[in-house]
Amino acid sequence: MAKRVLVVGLGNMGMTHALAYTRIPGFEVVGVCERRIAARQLPPPLANAKKFANYDEALAELKPDVVSINSMPDTHADFAIKAMEAGAHVFVEKPLADNVANAEKVVATAQRTKRKLVVGYILRQHPSWIRFIEIARQLGTPLVFRMNLNQQSNGETWAWHKRLMESFPPIVDCGVHYVDVMCQMTKAKPIKVHAIGARLTDEAPVNNYGMLQVVFEDGSVGWYEAGWGPMMSETAFFVKDVIGPKGSVSIVMAETAGKVKSDDINAHTKTNQILWHHTDMSKGDERIDMSDEPDHEALCEREQRYLLRAMDENVDLTDHMNDAVKSLKIVVAADQSIHTGQVVSL
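Everything numeric here is computed off the predicted structure, so don't read it as measured data.

Description of the nonpolar core
Counting residues in each nonpolar core, the largest one holds 112 residues, and the members touching the most others are Leu-96, Met-185 and Val-242. Per element, the largest residue contribution to this core is 9 residues, and it comes from helix α10 (residues 318-340). Apart from the residues within four sequence positions on either side, Leu-96 is in contact with His-76, Ala-77, Ala-103, Val-106, Val-107, Leu-117, Val-119, Ala-324 and Val-325.

Printed below as a string of structure tokens:
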């Protein structure tokens with residue numbers, strides 16, 4: 001029997017996930033919930049879903065098997081805990097919670113209720129990024145990580161970013177993805193974080209630009225920067241680069257250089273090619289073609305198929321959940337460092 005899903009939040013990610021469930025035989029979307037649901041025109045695949053403006057009412061009436069949480073980050077922990085206490089498994093978009101303590105409460109609730117909790121780390125389902133991580137692990141120790149995702153956002157995208165910044169600055173909201181990638185490449189413990197930031201607009205309540213540096217116990221170091229807004233540069237907005245004693249590996253967008261806008265959500269996961277350089281020159285630089293990789297919608301579908309498998313096969317998600325807390329801890333420490341001007345020990 002198909003698992004009954006309540007989708008909470010129908011923004012860009014929420015709608016994409018909602019439609020992904022409709023393409024998977026093991027799921028049925030029985031309800032959708034958002035504050036302005038009365039004005040929402042649902043696409044045909046969601047026509048039979050019941051509409052709710054209040055989350056608690058939706059949860060009590062539908063008693064869903066799965067709750068998909070795609071609302072603003074400051075609601076994630078509360079909604080996830082309520083869902084699991086009501087007996088539902090949970091998919092929750094990143095970041096897991098608005099602070100580390102609440103993230104730990106969500107994980108503790110999943111463990112106590114024995115519910116599956118999948119966090120929306122979309123790059124973990126991406127074959128190109130999985131390969132990128134596999135190669136990085138072959139480069140020796142320590143590793144150097146160089147990553148960013150700056151977005152020159154305008155119009156609707158800028159409005160969306162401003163809504164997100166009511167909860168978190170971009171160095172936190174986007175940073176959890178790429179810090180998580182760093183942590184997968186080196187299993188060493190992160191030990192300290194330093195960061196700088198700037199508020200480049202009066203339209204945002206937080207720094208809309210930030211850059212963090214993180215140090216790991218094995219000597220690995222990394223930086224990540226993120227900026228949102230109409231003032232951001234389109235130059236070098238997408239850097240994904242790892243260096244080790246045995247060489248380097250980079251994600252390169254060779255086919256689309258100069259053609260892709262930084263606020264195009266498909267560009268955030270797009271690879272085109274992986275470039276692998278060997279220190280000893282035993283091989284020439286290898287260019288691994290990734291032009292047939294899945295698009296953003298297909299990746300969201302893979303996330304939900306992973307959730308379904310976790311439920312059906314009782315997959316142990318302990319590491320997945322703990323990793324979500326660890327990456328959040330690093331980026332929250334980065335935001336703390338910006339405000340205090342101090343290095344934060346983890």
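With respect to the packing of helix α5 (residues 127-136) against helix α8 (residues 175-185)
In helix packing, the relevant descriptors are the interaxial angle and the interaxial distance, both defined with respect to the helix axes. Where α5 contacts α8, the two axes come as close as 9 Å, and the packing angle between them is 40°. Comparing the axis directions of α5 and α8 gives the class oblique. With respect to the hand of their crossing, α5 and α8 are arranged in right-handed fashion. On α8, the residues touching Trp-129, Phe-132, Ile-133 and Ala-136 of α5 are Tyr-178, Val-181, Gln-184 and Met-185.

Overview of unusual backbone geometry
Of the consecutive residues Lys-94 and Pro-95, the connecting peptide bond is found in the cis state with omega at -10°. Examined against the element boundaries, Pro-95 turns out to sit in the loop between β5 (89-93) and α4 (100-113). The linkage connecting Thr-141 with the following residue, Pro-142, adopts the cis geometry, with an omega of 0°. Mapping Pro-142 onto the fold places it in the loop between α5 and β7 (144-149). A positive phi angle, close to 60°, is found at Lys-114, a residue other than glycine. Positionally, Lys-114 belongs in the loop between α4 and β6 (117-120). In the Ramachandran plot, Asn-314 falls in the positive-phi region, its phi being about 50° despite a non-glycine side chain.

Thresholds applied
Residues numbered from 1 in each chain as written. Predicted model: local features only at pLDDT ≥ 70, side-chain atom pairs only at ≥ 80, totals over all residues. Heavy atoms only, no water. Core = buried A, V, L, I, M, F, W, Y, C linked by side-chain atoms within 4.5 Å. Buried < 20%, exposed > 50% of the residue type's maximum accessible area, 1.4 Å probe, protein only. Helix = DSSP H or I, 4+ residues; strand = E, 2+ residues; numbered from the N terminus. Contact = heavy atoms within 4.5 Å. Axes fitted to C-alpha atoms, helices over the stretch in contact; angles between N-to-C directions. Parallel < 35°, antiparallel > 145°, perpendicular 65-115°, else oblique. Left-handed = near helix turned anticlockwise from the far one by under 90°.

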